[in-house]
Amino acid sequence: GCVHGDLTPSNILVTGGNFEAIDPISTSFGEVAPGGTLEWAAPEQLMQMPVSAATDVFSVAMLAVATLDGLMFGRVTEHALSLRQKPEAPITLHSVKLIEAPSLAFRSTPDPDATTVAILRDALQLNAAARPSFEALRDTLRAEATRPVSPGETDGCWLSLSRGFGDGRLYR
């Protein structure tokens with residue numbers, strides 16, 4: 001299989017009610033991804049470890065938390081990495097801080113349901129093997145995107161990523 005490796009808000013093109021992931025790094029499963037956007041990259045990318053489908057699951061979960069106006073917090077660990085920006089450049093030492101066991105809080109009203117919060121928390125685990133499948137994440141986000149709004153709940157609209165998470169309309 002292949003990993004996109006750089007799922008960020010600027011790499012999601014929404015047209016005609018559908019979305020398309022653009023500008024991929026396209027790394028095969030088991031290879032080390034050559035980069036990615038730091039704020040959205042999975043821990044295995046940041047630590048220069050082999051990637052898998054779980055790598056993109058992490059990034060999709062990050063996008064969903066941001067879309068739902070959420071915050072991620074928890075115990076942070078620091079990892080030292082030696083990186084080379086270009087093949088001919090010298091190796092430099094960088095520090096990467098990762099959240100080991102994330103907790104989530106949402107500023108939007110209404111909060112996502114408990115199933116959505118649980119799968120997002122699981123999808124953001126440091127250990128890639130502990131993350132849910134893409135299909136499980138997709139199905140949960142689709143259900144969240146189409147959940148009806150109760151009377152009295154605020155209308156803080158958010159976009160459902162259509163072709164897998166809803167039908168491209170604005171909800172809430």
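These notes cover the structure that comes with them.

Reading the values: rules and limits
- Residues numbered from 1 in each chain as written.
- Predicted model: local features only at pLDDT ≥ 70, side-chain atom pairs only at ≥ 80, totals over all residues.
- Heavy atoms only, no water.
- Helix = DSSP H or I, 4+ residues; strand = E, 2+ residues; numbered from the N terminus.
- Buried < 20%, exposed > 50% of the residue type's maximum accessible area, 1.4 Å probe, protein only.
- Contact = heavy atoms within 4.5 Å.
- Areas by Shrake-Rupley, 256 points an atom, 1.4 Å probe, with all protein chains shown as cover.
- Arc of directions from axis to C-beta.
- Core = buried A, V, L, I, M, F, W, Y, C linked by side-chain atoms within 4.5 Å.
- Expected span 1.5 Å × (residues − 1).

What follows concerns the overall build of the protein chain. Across its full length, the protein chain carries five helices and ten strands. Across the 172 residues that make up the protein chain, the buried fraction comes to 38%. Restricting to contacts in the protein chain with at least 6 residues of sequence separation, those with at least 24 account for 52%. Looking at the protein chain as shown, the accessible area adds up to about 9,100 Å², and 56% of this sits on carbon and sulfur atoms.

As for its placement among the helices and strands, Glu144 is situated in helix H4 (residues 134-145). A C-alpha to C-alpha distance of 6.9 Å links Glu144 and Pro112, two positions 32 residues apart in sequence.

This part is about helix H3 (residues 114-123). Where H3 is concerned, the buried positions are Thr116, Ile119, Leu120 and Ala123. Down the axis of H3, the buried side of the element spans an arc of 100°, and every buried residue falls inside it. The inward-facing, buried residues of H3 abut helix H2 (53-67), strand E8 (103-106) and H4.

Core analysis: the biggest nonpolar cluster contains 22 residues, and Ala61, Leu104, Leu120, Leu124, Leu137 and Leu141 have the highest contact counts within it. Broken down by secondary-structure element, the contributors of at least two residues to this core are H2, E8, H3 and H4. Of all the elements, H2 adds the most residues to this core, at eight residues. Dropping the residues within four chain positions of it, Ala61 is found in contact with Leu120, Ala123, Leu124 and Leu137. Within the second largest apolar cluster, five residues are counted, among which are Ala41, Leu46, Met47 and Val96.

Next up on the list: H4. Taking 1.5 Å per residue as the helical rise, H4 with its twelve residues ought to reach 16 Å, and the 16 Å between its terminal C-alpha atoms agrees with that figure. Those residues of H4 that sit buried are Leu137, Thr140, Leu141, Glu144 and Ala145. Buried residues of H4, seen end-on, are gathered within an arc of 135° and therefore sit on one face of the element.

Such coordinate-based values are descriptive only and should not be taken to indicate function.
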